[in-house]
Amino acid sequence: MQPISRRSFLKLAAAATTAVALPQGLKIDFQAFAEEAKAGEVTKVPSLCNGCSSYCGVWVYVKNGRLWKIEGNKTHMKSRGHICARGHGVAQNVYNPGRVTQPMKRIDDQNNFQPITWEQAFQEVGQKMKALVEEHGGDKFVWLCHGGKESYAQQFMDIIGSDNYITHYATCFSAKTNIWQNMAGGMFNSDFDNAKTMLFVGRNYAGGIIPAAMKRITQAKSKGAKIIVVDPRFCELATIADEWIPIRPGTDLAFFLGIAHTLISEDLYDKKFVAEYVYGFEEFWAHNKEFTADKAAEICGIPAEKIREIARALAKDAPQAFLDPGYHGLAAHYQNSNETMALNVIINALLGNFWKAGGLFPAASTTFGHPEATYYGPVAAKGPRVDGAGVSGEYPLVEPSRGIPQRIPDLIEKGRVKIVFFYSYNPLRSAPEPEYQKKIKNADLVVSINYDWNETSLYTAHYILPENHYLERTEHPKVINGNIYWPAAQVATRFKALESTTSSLALLDIMKGLTKAYGIENLYGYTVEEELEAALGPLGISVEELKEKGCIELMPTVLPKDEGLTFSTFTGKIEFSIGAWRKEGYLGVPTWVPPLVEPKNANEFRLIHGKQPWHSHIMTTNNPYLMAITKEKNGTYMWMNSSRAAELGIKEGDWVTVTSEITSKQVQVHVTEGLHPECVWLPSTYGTFSEKLELGYGQGVNYNDFIPARIDKKTGHVMGQECVVTITKGGK
Ligand code: SF4
């Protein structure tokens, strides 16, 4: 049975209704067709959802060569048998009309492209790259990506001498990973199952969903755990909380300082843990002992007695109590994000909950094998890191593994970047200031390896090389760990479930074609199946076993312990006084830092943003099913507090004009009591401006349109909520 598309099905259905008038060839026995389709064999293939960085394990059911359904893998620690709406939508994107169906070459400045063959694409891109690297040096090559679990680009960059592997994390959580690395030697994750009190600040597990996290949080609640959510918005997690406490946006640091002050001044902290495992406690206290809960209350708007009450509740249940380490919300978006993240570490250390049941644990991990090297040719010396991440005199404290992507347009203008590759990344929508980002088109060569007609491809790329859909490929394996505590690492991967209906390729095959045309022979001299086998070999797992189970859990290695804790920092302790900061001439301990901007006038608001549970930021905006949910829920609306709306004469559904220092746009308003009066809130999804993504085009606005591109000096993040907007009634 051949696959049948919805479009051809509708054509056939239309033909059938008028069959008498049509040629013999178009007559179809629908009864027989339906019976045959029903009887088709269903195969089940394991994969990993590509909807967000949770990589949820899924089973892909395939019937008649078409996607039948997907469901969560019960073993996988992030899905535990469940997937979210986004996961279903992203799977269906395999049939999305917004896909790029074959390699494309730009032919003019009006965003017109012509289809070309893969051979032509490889030859032209490979040879242009070679000429540019020979003329300007390999350090002018930049690979910009979402980041995560692929390394093929780095192998190529090692040979040409580029150190410029740059991820999107500056717009997401670069302050969090940076600060936890410097203070505690790496990330720690919450143990929901055994906690008695859970405090979530800037972390909405029901909006930026991890399905298993929500399952475990609700199970803990049903066992009696207390959930406190501090958020300017009545977010989805707040709906199941014991308490939702709205906070003035940008002042979470003050709230945290008030909690820390209460724990210390009321002698509620774990003195044994601090004496044994903390460096710099006295210095921290010396600089912050005037920052009382009363002072915190004046800044953050939460009553001092409530701050003390929360601190006492945490201390009472410690170590089975935690302040969740947070994510996107606070970790890249304020001038004080670094200090806010530092206080997060400090509060948890004062609770003494590291490696304790109901507290925090590091992620379990494992190491894969590698296929034997197949390239033995010359390797260029690495040139300087172009974005200055980790470079003395530029941004020495920024993690080079994350980078500073928002510098790239500027670096192109200065001639320091000549070749830009995008992989699974669309900064024209996901990074601040799209008009500034558009300058990327001025690089000598811009190549976009993305599967849809996104804005970055359309406005900046000279060539688009479409990667296939995740259901259409087998990949090297992933370690499944992190973000939520689980004692054992897991191993899983994507196995090819569907034949591609387009002329797209897996990244490995794209890199093979490009490097060969560049003149590098046999850099990736293996198939992905051989790579998979080599990776799993040392773990004693066969490819067949992984394919049968979809996800394999290793032995537990991260379990509660009371003695002999180790932290990979300069001092081997949790550093309240951060050695890396002192080395660069900063005060070692965090102290109060105000937000960068403040709304002042009657029609001014701070613009904040967040995820909706049915969309993955910008990557699902062109999905018909998820956009249907948006339509039903008026999901493109900007939230505004009801009292402020009344002052401005704004009612539910009214159009308003939102103006920042760089742009002015119109959007409809959702009036609610579930938002702090000082801010407006935009979902992070909408504002598609690629006309080739027809379903999302022109729907709502994007918060990034309003934010100037800034760089935090210590961790390189974008300060994405340091934006004051003026709201005036009226618009479209
Ligand atoms: S949380 Fe949802 S979108 Fe993310 S990987 Fe899991 S199923 Fe996919």
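For every chain, the first residue of its written sequence is number 1, and the numbers climb from 1 along that sequence. In view of the model being predicted, local features appear only for residues whose pLDDT reaches at least 70, and side-chain atom pairs are presented and counted only at 80 or more, with totals across whole chains, interfaces and linings using the full set of residues.

## Looking at the site of the ligand
Residues in contact with the ligand amount to 16 residues; listed here are only the nearest, Cys49, Gly51, Cys52, Cys56 and Gly87. Partitioned by chemical class, the residues of the shell around the ligand number nine nonpolar, five polar and two charged. The domain boundaries here were taken from an automatic or database domain assignment. Mapped onto the domain boundaries, the shell around the ligand takes at least three residues apiece from domain 1 (6-95) and domain 3 (188-362 + 561-583). Here, nearness is defined through the C-beta atom: a residue counts as near a molecule or strand if that backbone-placed atom lies within 6 Å of it. Under the grouping applied here, Gly and all other residues not named as nonpolar or charged are polar, the nonpolar ones being Ala, Val, Leu, Ile, Met, Phe, Trp, Tyr, Cys and Pro and the charged ones Asp, Glu, Lys and Arg.

## Quick look at the sheet that holds strand 11 (residues 243-245)
Working definition: the strands of a sheet are paired by backbone hydrogen bonds and lie parallel or antiparallel to each other. The strand order across the open sheet built from four strands is 11-10-9-13, with neighbouring strands paired in parallel fashion. What marks the edges here is a single partner per strand, and that holds for strand 11 and strand 13 (321-323). Sheet twist, expressed as the average angle between the axes of neighbouring strands with direction ignored, equals 10 degrees. Between any two strands, at least two bridges found by DSSP are needed for them to pair. By the criteria applied, helices consist of DSSP H or I runs no shorter than four residues and strands consist of E runs no shorter than two, each listed in order from the N terminus. Sheet topology note: the strand 9 (residues 197-201)/strand 13 ladder contains three bridges and is parallel. Its bridge partner being in strand 13, leucine 199 is matched across the sheet by leucine 323. To obtain each axis, a line is fitted to C-alpha atoms, and for helices this fit is confined to the stretch in contact; angles are then taken between N-to-C directions over 0 to 180 degrees.

## Things to note about the nonpolar core
Joining buried Ala, Val, Leu, Ile, Met, Phe, Trp, Tyr and Cys residues through C-beta atoms within 7 Å gives a set, and that set is a nonpolar core. Every C-beta atom is placed from the backbone, and the number of other C-beta atoms within 10 Å of a residue's own sets its class: buried at 20 or more, exposed at 12 or fewer, partly exposed in between. Val142, Phe255, Ala260, Ile346, Val420 and Ile574 are the most contacted members of the largest nonpolar core, which has 182 residues in total. Counting residues per element, this core draws most heavily on helix 8 (residues 252-265), which supplies nine residues. This entry defines residue contacts through backbone-placed C-beta atoms, with two residues in contact when those atoms are within 7 Å. Non-local contacts of isoleucine 574, meaning those with residues more than four positions away in its chain, are made with Met183, Ala184, Tyr277, Val278, Tyr279, Val345, Ala349 and Phe567. Ile608, Ile650, Val656 and Tyr686 belong to the second largest nonpolar core, which has 27 residues in total.

## Description of the confidence of the model for the protein
For every residue, the predictor reports its confidence as pLDDT, a number between 0 and 100. On average, residues of the protein score 94 in pLDDT, and 96% of them reach the 70 mark or higher. A low-confidence stretch, residues 1-23 (pLDDT under 50), is modelled with 15 contacts involving residues beyond four sequence positions or located in other chains.

## Examining the sheet that holds strand 3 (residues 66-72)
Strand order in the open sheet formed by three strands is 1-2-3, and the pairing between neighbours is antiparallel. Strands at the two margins of the open sheet, each flanked by one partner only, are strand 1 (42-48) and strand 3. Neighbour-to-neighbour, the strand axes of the sheet open up by a mean angle of 30 degrees, direction not taken into account. The sheet contact formed by strand 2 (residues 57-63) and strand 3 spans six bridges and is antiparallel. Among the inter-strand pairings, valine 62 is bridged to a residue of strand 3, identified as leucine 67.

## Comments concerning the domain arrangement of the protein
The figure often quoted for interface size is the accessible area lost as the parts come together. In terms of domain boundaries, the protein breaks down into domain 1 (6-95), domain 2 (104-172 + 367-553), domain 3 (188-362 + 561-583) and domain 4 (604-729). Here the C-alpha centre of domain 3 lies 36 Å away from the C-alpha centre of domain 2. In terms of residue class, the side of domain 2 that touches domain 3 is made up of five nonpolar, three polar and no charged.

## Let's talk about the packing of helix 8 against helix 11 (residues 293-300)
Relative to each other, helix 8 and helix 11 sit at 165 degrees, their axes nearing to 8 Å. The orientation of helix 8 relative to helix 11 falls into the category roughly antiparallel. Helix 11 is crossed by helix 8, and the crossing has left-handed handedness. On the side of helix 8, the interface is formed by Ala254, Phe255, Leu257, Gly258, His261 and Thr262, while helix 11 contributes Ala293, Ala296, Ala297, Ile299 and Cys300. Partitioned by chemical class, the residues of the contact of helix 8 with helix 11 number eight nonpolar, three polar and no charged. Roughly parallel covers angles under 35 degrees, roughly antiparallel covers those over 145, roughly perpendicular covers 65 to 115, and oblique covers all other angles. Should the near helix be turned counterclockwise from the far one by less than a right angle, the crossing is left-handed, whereas a clockwise turn marks it as right-handed.

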